[in-house]
Amino acid sequence: MKKGLYLLLLSAVVLAGCSLFKNNEKDVPKKNTAKAYLLFTNPKDAYPDGVEVYIDKKPAFIAMVSKFPFKDNRCVVEPGRLALKVVYEGTTILQDTVTVAKNQTREIVLPTVTDIF
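Quick look at the structure, then.

Here is what the cut-offs are and how they apply
- Residues numbered from 1 in each chain as written.
- Predicted model: local features only at pLDDT ≥ 70, side-chain atom pairs only at ≥ 80, totals over all residues.
- Heavy atoms only, no water.
- Helix = DSSP H or I, 4+ residues; strand = E, 2+ residues; numbered from the N terminus.
- Buried < 20%, exposed > 50% of the residue type's maximum accessible area, 1.4 Å probe, protein only.
- Contact = heavy atoms within 4.5 Å.
- Pairing = 2+ DSSP bridges.
- Axes fitted to C-alpha atoms, helices over the stretch in contact; angles between N-to-C directions.

With that out of the way, let us pick up the environment of Ala 36. Note that Ala 36 resides in strand S1 (residues 36-41). Classification of Ala 36 by relative accessible area gives buried; the value is 0%. Separated by 70 residues in the primary sequence, Ala 36 and Arg 106 place their C-alpha atoms 8.1 Å from one another. For Ala 36, the contacting residues outside a window of four places in its chain are Cys 75, Val 76, Val 77, Glu 78, Pro 79, Val 100, Ala 101, Asn 103 and Gln 104.

Below you can see the structure in the form of structure tokens.
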């Protein structure tokens, strides 16, 4: 009898302890996992070393430019409205505002070098 009462008391303590440490989803802040993508292309393949890309006055990054829209060359960005500036060899070749939805790939077609210089 004492053994049964002891097991019942022990199981009640264990179950009560488990419910104290239970995490509800509403208590855990969710990370923003939404992603959008930019893909830079040029029909003449005029930018072999890539271009510098500035988004919303953040530090620049180098984006590779492809002749065809390969998904391997996509750049991950936050979805929303983006102020985009593309620079090649110190010259601004594109400055625009683009809107990219969550999980969307936005293709940015860059002008050819002869159109710029």
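So much for the structure itself; the text now carries on.
What follows covers the sheet that holds strand S4 (residues 75-77). The strands making up a sheet associate through backbone hydrogen bonding, with each pair oriented either parallel or antiparallel. The 3 strands are arranged S4-S1-S7 in an open sheet whose pairing can be described as mixed. Across the chains shown, the open sheet's two edge strands, defined by having one partner strand only, are S4 and strand S7 (105-109). Pairs of neighbouring strands in the sheet enclose a mean axial angle of 30 degrees, with direction left out of account.

Taking strand neighbours across the sheet as the criterion, the 4 strands line up as S3-S2-S5-S6 in an open arrangement whose pairing is antiparallel. Each edge of the open sheet carries a strand with a single partner, namely strand S3 (61-63) and strand S6 (91-100). If you compare each strand with its neighbour and ignore which way they point, the axes differ by 35 degrees on average. In this structure, strand S2 (residues 51-55) lies alongside strand S5 (residues 80-88), joined through 4 bridges in antiparallel fashion. Bridge pairing links Tyr 54 to Lys 85 in S5.

Here we come to the side chain of Ser 66. By secondary structure assignment, the location of Ser 66 is in the loop between S3 and S4. For Ser 66, the contacting residues outside a window of four places in its chain are Phe 40, Thr 41, Asn 42, Asp 45 and Asn 73.

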